[in-house]
Amino acid sequence: MTTTFVVSLFILCMLSTSNSSIAARPNFVIFLADDLGYGDVGSFGNDTIQTPNIDRIAAEGVKLTHHLTAAAVCTPSRAAFLTGRYPIRSGMESSFLNKVILFMAQSGGLPENETTFARILQDEGYETALIGKWHLGVNCYKQGDLCHHPLKHGFHHFYGLPLSNLKDLGTDGSSVVTSFFPHFYGCVIAIFIIGCTTALMIHKWSIPFCLLILLLFCGVPLSTVIFVYNLKLINGIIMRNQDVVEQPIRLTNLTQRFTSEAKEFLYKQTNLNKPFLLFMPFVHVHTALFSSAEFAGVSVAGRYGDNVEELDWAVGEILRTLEKLEVKNNTFVYFSSDNGAHIEETGPDGTREGGYNGIFKGGKGMGGMEGGIRVPTVIMYPGRIPAGIVINLPTSQMDLFPTILNLANKTLPTDILVDGKNMMPLLTEQKFIRIHRFLFHYCGSWIHAARYIPDTGNDIWKVHYTTPNWVPGTQHCSFMCQCFGSYVTHHSPPLLYNIATDPGENIPLDPTSSSRYAEIVSVINDAVEKHKLSVQTVPDQFRFVNAVWKPWLQPCCSYYACHCSDPKYS
């Protein structure tokens, strides 16, 4: 009897110790906005758009004023965000015009063998959820293999868009195709007329050739128009885990749905006393712009401001839920944007629908330009990170991977090269700790710029090897800047700025009169060459065979009609 009592007491103590250990492990809530500009948030200088909840994270934690994405556009930036690695290492940078995944039914995406912070936390017993936008691929070879899907990259739960919120998903008739190619329909009509005219001229003496001309010059353009017209049906999909639950997507109240799903996840994990990772990559403020009735017309900054304020509301709802569940003090909260504002974005009436990047030049799609890669970022972790701290040293979104692993008491994987650095010494010790010496800024598969943080002093140097060719008299392209050929200018000698004192990059150092120019550029050039040697050749996820739309990979919520509404929110 005494022995039984002692054994039982020992087991209870062990269970209690185990539960305490689980409860002590930090939770993670990661917010990622879409195309939010550096100057769109109150704590980063905006005085018209109301963002009290994002600002609250800054007030109760740390504001990173020099936080950088690994790419200036969605897909490669998100790949680096999750893996802590430059996207070129996983084949997630493009050498073509298509810099992002364009279709649900293309076979490129984040390779299954890449290690995400979600996968590591999942292996450590965390419950993991992704609620929002994925944009890193779905299938590889057949419908349902889900090789690139969130469920294959460490997430137990997924609810959201496997692709992105493209302009085509809105209700104003806009299309990303006509935005990129303004004369698309005119060209199609011209080709159609030429084909029909040619066929009429030759039909008397060559019926087979006439039919071939009709097929090429008439059938192909008509099929293309039909395809573009149905992009909302093809790409506008919501999935719950592996199932298509809505097609085409209903944007109105989508943010409310995401928030509801997130709160439901938090309540469930807290009741089960399980550590959790909640990753919320929002759809706001990517076009098509949309708002629920509660937020439409509220902001003095127009439709764009409405979107930002609805995004901020959702952040606040999650923060209040953490407080209500009494897990706020044990939760690491991070908020950032996947890239800078899309400054070329306009609506059908010419109204600007993109954000504001403050004093920084350029924007989304411009790989080396500060406006495309410097993003508003705040972090809160009560008890571990002091409140009200501002950090001006360069940090990267790739740093989130090793930082999360450090907080979860995990060492970095030894079988892969991780480019990010653990931010906790910088966040907690409040010292001038340089966690990076160099950062490289890709546009597609080319390095357009590089950043150098010397070991001593306050200087931060940035060199531009290549810059985009803007529309004359502006600082933007017609719709989206490209990375190569006639779209860019190569600088020899390269442009060099001290962005610690000249963050707007207005006054480059003179190569002929500056005594430091040659030395600094030489140091950066050596680092660039060393970095290139570390990049191994891997399959290109954007090559034509991966990027083209494949009908056999097209998800559809039913065999008889690709139309359905999520029954949970119908």
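Above this text you will find the structure in question.
Here we summarise the structure given alongside this text.

Rules and cut-offs
- Just so you know, the residues in each chain are numbered from 1, in the order the chain's sequence is written.
- Where totals are concerned, whole chains, interfaces and linings use all residues; where local detail is concerned, this predicted model gives features only for residues with pLDDT of at least 70, and gives and counts side-chain atom pairs only at 80 or more.
- Heavy atoms from the whole structure form the basis of all side-chain values; hydrogens and water molecules are not counted.
- Note on disulfides: each one is a pair of cysteine sulfur atoms within 2.5 Å.
- Strands were regarded as paired on the criterion that DSSP finds at least two bridges between them.
- Strands are runs of DSSP state E lasting at least 2 residues, helices are runs of H or I lasting at least 4, and numbering of each runs from the N terminus.
- Angles here are taken between N-to-C directions and fall from 0 to 180 degrees, while the axes themselves are lines fitted to C-alpha atoms, restricted in helices to the stretch in contact.
- The contact definition used throughout considers only heavy atoms, calling two residues in contact when any of these lie within 4.5 Å.

Below, the discussion takes up the state of the cysteines. Taken as a whole, this structure holds five disulfides when the rule is applied. Cys 140 shares a disulfide with Cys 147; S-S distance 1.8 Å. Across the S-S bond of Cys 140 and Cys 147 the torsion is about 90°, and the bridge reads as right-handed. Across the disulfide from Cys 557 sits Cys 564; the S-S distance is 2.5 Å. Judged by the sign of its S-S torsion, about -130°, the bond between Cys 557 and Cys 564 is left-handed.

The strand order across the open sheet formed by 10 strands is β7-β6-β5-β4-β8-β1-β9-β10-β2-β11, and the pairing between neighbours is mixed. Strands at the two margins of the open sheet, each flanked by one partner only, are β7 (243-246) and β11 (389-391). Each neighbouring strand pair of the sheet contributes to a mean axis angle of 15°, computed without reference to strand direction. Here strand β9 (residues 331-337) runs beside strand β10 (residues 377-380); their pairing, made up of three bridges, is antiparallel. Within the sheet, the bridge partner assigned to Tyr 334 lies in β10 and is Ile 379. Against the sheet, helix α2 (residues 52-60) engages β2 (62-64), β9 and β10, with an angle of about 60° to β10.

A word on the sheet that holds strand β13 (residues 438-443). The strands that make up a sheet are held in pairs by hydrogen bonds between backbone atoms, and each pair lies either parallel or antiparallel. What the four strands build is an open sheet, ordered β13-β14-β15-β16; its pairing is antiparallel. The sheet is open, and its two borders are formed by β13 and β16 (488-498), each paired with just one other strand. The average undirected angle you get between the axes of adjacent strands in this sheet is 20°. Pairing between β13 and strand β14 (residues 446-452): six bridges, direction antiparallel. If you follow Phe 440 over to β14, its bridge partner there is Ala 450. Here helix α14 (residues 517-534) sits on the sheet in contact with β13, β14, β15 (461-468) and β16, set at roughly 125° to β14.

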